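Residue-level listing of the chains:
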Amino acid sequence: MSKLDEQKKLLVEYFQQGCKPEGKLTLGLEVEHFVTHAGGEPVTFTEVQSVLRQMQQPYDTPVLIYGEYMGYTTQWYGISLEPACQVEVSIVPQSSVLKIMDIYNQFYLQLSMTLAARGLRVWTVSYHPTCRAEELPLIPKQRYEAMDRYFKNTGACGIQMMRATASTQLSVDYFSERDFVQKMRAACLLTPFFALLSDNAVRYQAHRNNAYSVRTRVWQDVDSDRCGVPPHLMDPDFGFESYAQTILTRPLIVALRGSRTKAVGRKTAQEIYGSHLQQKEVEHLLSMFFFDARLKTYVEIRGADCMPPKYIAAYAQLVKTIFGSQAALQNVLRHYEGVNTGDIANAKMAVCKDGYNAWVYGRPIGKELAWLLLQARSRTPSQEERALLEPLAKLVVTKKTIREEESEND
């Protein structure tokens, strides 16, 4: 057996171990936030470290990377720092969106109050609200420094993506390889819709923004090797092995060596590592790819902007209902049968260009969004949970983005 085949076998086993027992779907939530001074000046690494130290409780666990304080973990969530001091909260998977939002809202209130006492503020927007990306320094983390150098040669928007974007990411369970394939396909098919529903870049490069889905457009011009739609997604034999092949044979940028990272440029995991990858090396390897949906021990759906809490709740409930219902999932796959990876890429660009006037997969996007919300509503038995969907339903009816809706309310 070749080294590549042994590496693939190990990754496939890792993915198989990620299969959850059939049952109620759990959902994990990650949200990135910008922090600035009250006047809009960017926060420094030292300032945001100090904020997180103050928020951390005695029973929480600090996260240190090469001795540098980078956040902490609690029973319910972890706090970490993204490339240009974005504060990310990662909530432990829950079976209820109401529970997720209870945890998130408690975190958000604590962060807001801690910042306010220091003359700082948190933003729930998807592009930096006051500065150009080039004005924002990276935090001292070798991984980010290596990625920053590498992306200068792979696309025009690496600097903007790393320093000036913020997202909402949801993770869903998969119960088998077949279930993974269906959920990965559905997540990518729905990414153009998620991009428009979450569109929340009020400003872009320090100017008022009137363009649609800026963050989505930025991601299209970062690095084609690791962004966009996973290769071979719609091929009949797509599965764990196909995904592992892609991950192992594309440039890695940064490798994990023991407990340290090392810039490796265009060398691949196949070239760098031996046959027997350690679990930490596998986890690092998977984290270096940023497809619209990516595989770890769950399917991570990455297409949404950072949003105010009520929209996060609505989006989470939409995803929870669609991906938690086999009937809804099959309806999505049947509805868009025949769509290929090129069609998905074109749909994202149509949304960026035309917003609610876009045609996606040969259909007007407004009608498709109404259909998608109907799928969710009809399968959400609880009135309290159905009510969570209303902020998105209102956007679809009025054909407004969050960016437009929130600007009108300012």
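Residues numbered from 1 in each chain as written. Predicted model: local features only at pLDDT ≥ 70, side-chain atom pairs only at ≥ 80, totals over all residues. Heavy atoms only, no water.

Turning next to the overall build of the chain. For the chain, the helix and strand inventory stands at 17 helices and 17 strands. The C-alpha atoms of the chain give a radius of gyration of 20 Å, which matches the 22 Å a tight globule of 410 residues would have. Considered along the principal axes of its C-alpha atoms, the chain spans approximately 60 × 50 × 40 Å. Buried positions account for 59% of the 410 residues belonging to the chain. (Helix = DSSP H or I, 4+ residues; strand = E, 2+ residues; numbered from the N terminus. Rg over C-alpha atoms; globule rule 2.2 N^0.38 Å. Buried < 20%, exposed > 50% of the residue type's maximum accessible area, 1.4 Å probe, protein only.)

It is worth spelling out the pattern of salt bridges at this point. Opposite charge on two side chains permits them to pair, given that their charged atoms come into close proximity. Under the counting rule described, the total for this entry stands at 17 salt bridges. For Lys348, the salt bridge is made with Asp292, and the minimal N-O distance between the two is 2.6 Å. Of this pair, Lys348 sits in helix H13 (residues 341–354) while Asp292 sits in the loop between strand E13 (290–291) and strand E14 (293–295), placing them 56 residues apart in sequence. Relative accessible area serves as the criterion here: at 10%, Asp292 is assigned to the buried category. (Salt bridge = Lys/Arg side-chain N within 4 Å of Asp/Glu carboxyl O.)

The next point concerns helix H16 (residues 390–398). For an α-helix, the turn length of 3.6 residues means that residues three or four places apart are oriented alike. Residues Pro391, Leu392, Ala393, Leu395 and Val396 constitute the buried set of H16. A positive backbone phi angle near 55 degrees is found at Lys399, which sits one or two residues after H16.

The next point concerns the pairing of strand E15 (residues 299–305). For a regular strand, the rule is simple: side chains alternate between the two faces of the sheet. Extensive coverage of E15 is indicated by the burial of seven of its seven residues. Bridging between E14 and E15 involves three bridges; their strand directions are antiparallel. Looking across to E15, one finds that Leu295 is bridged to Val299. Here E14 folds back onto E15, and the loop between the two strands holds three residues. (Pairing = 2+ DSSP bridges.)

Even without being glycine, Tyr66 reaches a positive phi, approximately 55 degrees. Position of Tyr66 relative to the elements: it lies in the loop between strand E2 (61–65) and strand E3 (68–73). Residue classification places Tyr66 among the partly exposed residues on the basis of a relative accessible area of 34%. Even without being a glycine, Ser213 presents a positive backbone phi close to 45 degrees.

To continue, consider the environment of Phe193. On the secondary structure map, Phe193 appears in helix H6 (residues 177–197). By relative accessible area, which is 1% here, Phe193 ends up buried. Along the primary structure Phe193 and Leu372 are separated by 179 residues, whereas in three dimensions their C-alpha atoms are 9.0 Å apart.

The description of an aromatic ring pair rests on the distance of the ring centres and on the angle between the ring planes. Overall, the coordinates contain 20 aromatic pairs when judged by the stated rule. Judged by centre distance (5.6 Å) and plane angle (40 degrees), the ring pair of Phe15 and Phe240 falls under tilted. Of this pair, Phe15 sits in helix H1 (residues 3–17) while Phe240 sits in helix H8 (residues 240–249), and the two are 225 residues apart along the sequence. Like Phe15, the residue Phe240 is buried in the burial classification. Plain terms: the ring middles of Phe15 and Tyr243 are 6.1 Å apart, the flat faces sit at 75 degrees to each other, and that makes the pair edge-to-face. Remark: Tyr243 occurs in helix H8 and Phe15 occurs in helix H1; sequence separation between them is 228 residues. Relative accessible area serves as the criterion here: at 0%, Phe15 is assigned to the buried category. Ring pairs connect the aromatic residues Tyr14, Phe15, Tyr174, Phe180, Phe238, Phe240, Tyr243, Phe289 and Phe291, which therefore count as one cluster. Here the basic side chain of Arg217 rests over the ring of Tyr204, its NZ or CZ set 5.4 Å away from the ring centre. The ring of Tyr212 carries Arg403 above its face, with NZ or CZ at 5.5 Å from the centroid. (Phe/Tyr/Trp six-rings, centres within 6.5 Å; stacked < 30°, edge-to-face > 60°. Lys NZ or Arg CZ within 6 Å of the ring centre and 35° of its normal.)

Between H1 and helix H10 (residues 279–287), whose axes approach to 11 Å, the crossing angle comes to 85 degrees. Judged by the inter-axis angle, H1 sits roughly perpendicular to H10. On H10, the residues that touch Leu10, Leu11, Tyr14 and Phe15 of H1 are Gln279, Val282, Glu283, Leu285 and Leu286. Taken together, the residues that form the contact of H1 with H10 break down as seven nonpolar, one polar and one charged. (Axes fitted to C-alpha atoms, helices over the stretch in contact; angles between N-to-C directions. Parallel < 35°, antiparallel > 145°, perpendicular 65-115°, else oblique. Contact = heavy atoms within 4.5 Å. Nonpolar A, V, L, I, M, F, W, Y, C, P; charged D, E, K, R; others polar.)

A few words on the pairing of E2. Inspection of the sheet shows E2 paired to E3 by five bridges, in the antiparallel sense. By the bridge assignment for E3, Pro62 is matched with Tyr72. Hairpin connection between E2 and E3: a loop of two residues separates the two successive antiparallel strands, and Tyr66 in this loop has a positive phi of roughly 55 degrees.

Attention shifts here to the state of the cysteines. This structure, assessed with the given rule, holds zero disulfides. Unpaired in this structure, Cys85 has its nearest cysteine sulfur neighbour in Cys131, at a distance of 12 Å. Left without a disulfide partner, Cys157 is nearest to the cysteine sulfur of Cys227, which lies 11 Å away. (Disulfide = S-S within 2.5 Å.)

Right, let's talk about the nonpolar core for a bit. By size, the foremost hydrophobic cluster in this structure holds 148 residues, and its most contacted members are Phe15, Tyr104, Phe107, Leu318 and Phe323. Looking at which element gives the most residues to this core, the answer is H6, with twelve residues. Ignoring any residue separated from it by four or fewer positions in sequence, one finds Phe15 in contact with Tyr174, Phe240, Tyr243, Ala244, Leu286, Leu295 and Lys296. (Core = buried A, V, L, I, M, F, W, Y, C linked by side-chain atoms within 4.5 Å.)

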